[in-house]
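Each chain, letter by letter, is given below.
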Amino acid sequence: MSPSIQQQVLELIAKHDGIDKTVLKPEATLKDLGVDSLDAIEIIFDIEEHFDVTLPDRDPNFDTDSVQGLVNAVQSALDAKANAAAPAAD
Amino acid sequence: MHRVVITGMGAISALGHNASECWQGMREGRSAIAPLRGFDESALRVRVAAQVDGFDATAHFETRRLSLLDPVSQFALVAAREAVAQSGIDFSTADLAQHTACIIGTGIGGEQTHDASSQKLYAKGDTRLHPMTIARSMANAPASQVSIEFGIKGPTFAVTSACASSNHAIAQALMLIRSGRAVAALAGGTEACITYGILRAWEAMRILADDTCRPFCKQRRGLVLGEGSGMFVLETLEHAQARGATVLAELAGAGMSADAGDMVAPADTGAAQAVQAALDDAGLNATDIDYINAHGTATPANDPTETRAIHKVFGNHAQRLAISSTKAVHGHALGAAGALELIAVLGALNEGVVPPTANFIDPDPECDLDYVPNEARPHNVRAALSNSFAFGGLNAVLALTRI
């Protein structure tokens, strides 16, 4: 079984320099992890490339939202993509 | 050491095709930011830009010459012609041509030519490029074209420092004239950076506003790209007086610094260092300054950082300064930004009115100075600064005084 979306997002974040891995949990905010807004943009880019999705510009909020917020955003983007790909499936 | 004055100005931007239209737009706080034109907007997240509107290159240039002119050079030539005409300077006299410099800043250069070439090569699989692709797209093309147009034969080159390119270029001209290496200069900046590739690159930074540009305001959502050019005739005060020229202002000093820190996040210390250096170079005290045309990009990072830098340098006088960012009306024209904003400073010095920061809604507690929101203000401006702080941590500030 492939790793969960949450697990994949955590791994993508962990690859960045300077991430405090001891606090890398779904409930941590990017600020808790020591990620500034410019690092966050690169992390979001990695996530977009990995899942081949586009995340909205302003939401999730990079500074105050949690890692789980990013996971949820990826999930919604993947759902939207699946729906677009199979519009007649339901 | 020679005193250096400005005797001509020219501009083209989303606000208009000459300096007077651009200044009117700034003074009225009339934003030229509009829905993006010329691109399939369903494919882009960028919604708005400050694009030069209704520009017909064939009305300005012969068809034969146009094959050598990327829009970045076209804009520079249009602005330079206006500046030279206003100044009344004649470069064919005596040995003035050899003692005139031509220094033009650009952040990117001939990007539209690059973009079209890439389309041809990679999208269409057509391997034959126009023979003048290099001559059109090189970053020094605007400086070379302006030198050719006016027969300027002194030091001529391009300066590139992203959003500070114009101010760095004008600072180079100031130093050449002051030191006697040149008697006059055409200096300024130009940019024509709104291409599909560049828009995509800015999108990726997640730094563009989707509504409009609201500098120093709590509801600001990022910068809005602009384009255009501003060009100026600089000369020694003696030379201007000897030929009976009208002096628009004295270019009293310039200050430059590098943050030597982050490639994109600005530092208040680097900005403050450049502001202080401009004051020192001009022999001005902080309390002499009446107006600052701010860098004011409306990004989350720039505006509070710039505000802190101004506090650092000006202390109590910071609260008495009129400060505005005209990027709210002409967008962020990157390498042309400082030159367009010098038009605002010259207007403020000569008309005694400070152009507003347009599109302002509510103040941000982190930006606690007087940004002249929305309405121009009559103000006796005797001395002013123009700030430019670039990606890469490169800062250049100009100091201007009324003469």
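Residues numbered from 1 in each chain as written. Chains lettered and ligands numbered in written order. Predicted model: local features only at pLDDT ≥ 70, side-chain atom pairs only at ≥ 80, totals over all residues.

**Here we look at the overall build of chain B**
How we decide: We count a stretch as a helix when DSSP gives it H or I for four or more residues in a row; a strand needs E for two or more, and each element gets its number in order from the N terminus. Atoms counted for the radius of gyration: C-alpha only. Globule rule: 2.2 Å times the number of residues to the power 0.38. Each residue is classified by how many other C-beta atoms fall within 10 Å of its C-beta atom, where C-beta atoms are placed from the backbone; a count of 20 or more means buried, 12 or fewer means exposed, and values in between mean partly exposed.
Secondary structure assignment for chain B yields 13 helices and 14 strands. Its C-alpha radius of gyration of 20 Å places chain B within 12% of the 22 Å reference for a compact globule of 403 residues. With the C-alpha coordinates aligned to their principal axes, the bounding extent of chain B is approximately 60 × 55 × 40 Å. For chain B, the residues scored as buried account for 60% of the 403 residues in total.

**Let's talk about the nonpolar core**
Residues and elements named next belong to chain B. Going by this rule: Only buried residues count toward a nonpolar core: Ala, Val, Leu, Ile, Met, Phe, Trp, Tyr and Cys, linked into one set through C-beta atoms within 7 Å. Here contacts are defined at the residue level, using C-beta atoms placed from the backbone and a cut-off of 7 Å between them.
Ranked by size, the top nonpolar core spans 141 residues in total, and within it A173, A185, L186, L234, A278, A384 and L398 carry the most contacts. Counting residues per element, this core draws most heavily on helix 13 (residues 337-351), which supplies 10 residues. Excluding residues that lie within four positions of it along the chain, A278 makes contacts with G253, A254, G255, L385, V397, L398 and A399.

**Considerations on the interface of chain B and chain A**
For the record, the criterion: As a working rule, the residues Ala, Val, Leu, Ile, Met, Phe, Trp, Tyr, Cys and Pro are called nonpolar, Asp, Glu, Lys and Arg charged, and the rest polar, with Gly in that last group.
Contact residues are listed per partner, giving seven residues for chain B and four residues for chain A. Looking at the side of chain B that touches chain A residue by residue, the classes come out as four nonpolar, no polar and three charged.

**Topic: the pairing of strand 14 (residues 394-401) of chain B**
All names here are of chain B. Operational definition: By the convention used here, strands pair only if DSSP detects at least 2 bridges between them.
Most of strand 14 sits out of view: eight of its eight residues are buried. Burial along strand 14 is two-sided: L394, A396, L398 and L400 and N395, V397, A399 and T401, pointing in opposite directions, are all buried. Examined bridge by bridge, strand 8 (residues 249-258) and strand 14 share eight bridges and lie antiparallel to one another. Bridging across to strand 14, A258 finds its partner in L394. As paired strands, strand 13 (residues 383-390) and strand 14 are joined by eight bridges and run antiparallel to one another.

**Overview of the packing of helix 10 (residues 268-282) of chain B against helix 11 (residues 302-314) of chain B**
Residue and element names in this part refer to chain B. Applicable threshold: A fitted line through C-alpha atoms represents every axis, and for helices the fit uses only the stretch in contact; the resulting angles, taken between N-to-C directions, go from 0 to 180 degrees. An angle below 35 degrees is treated as roughly parallel, one above 145 as roughly antiparallel, one from 65 to 115 as roughly perpendicular, and anything else as oblique. Crossing handedness is read from the near helix: turned anticlockwise from the far helix by less than a right angle, it gives a left-handed crossing, and turned clockwise, a right-handed one.
For the pair helix 10 and helix 11, interaxial distance at closest approach is 8 Å and the crossing angle is 50°. Considered as vectors, helix 10 and helix 11 are oriented oblique to each other. Crossing of helix 10 over helix 11 shows right-handed handedness. From helix 10, D268, A271, A272, V275 and Q276 reach across to helix 11, where they touch T305, E306, R308, A309, K312 and V313.

**Topic: helix 3 (residues 67-85) of chain A**
All names here are of chain A. Note the threshold: What a helix should span is 1.5 Å times the count of its residues minus one. Think of the arc as the fan of directions from the helix axis to the C-beta atoms.
For helix 3, which comprises 19 residues, the first-to-last C-alpha distance of 27 Å matches the rise-based estimate of 27 Å (1.5 Å per residue) to within 8%. Buried within helix 3 are the following residues: V67, L70, V71 and V74. Projected onto a plane normal to the axis of helix 3, the buried residues spread over an arc of 100° and lie on a single side. In helix 3, the exposed positions that point more than 90 degrees away from the buried face belong to D79, A80, N83 and A84. Check the buried side of helix 3 and you find it contacts helix 1 (5-14) and helix 2 (37-51).

**Quick word on the sheet that holds strand 8 of chain B**
Residues and elements named next belong to chain B. A sheet is described by the order of its strands in space; here 10 strands give the open sequence 5-4-6-7-1-8-14-13-9-10, paired in mixed fashion. With partners counted over all chains shown, the strands left at the sheet margins are strand 5 (156-159) and strand 10 (322-324), one partner each. Geometrically, the sheet is characterised by an average inter-axis angle of 25° between neighbouring strands, direction not taken into account. In this sheet, strand 13 lies alongside strand 9 (residues 291-293) in parallel orientation, the contact comprising three bridges. When the sheet's bridge partners are listed, Y291 is paired in strand 13 with A384. Along the sheet, helix 10 contacts strand 8, strand 13 and strand 14; its crossing angle with strand 8, the most-contacted strand, is approximately 145°.

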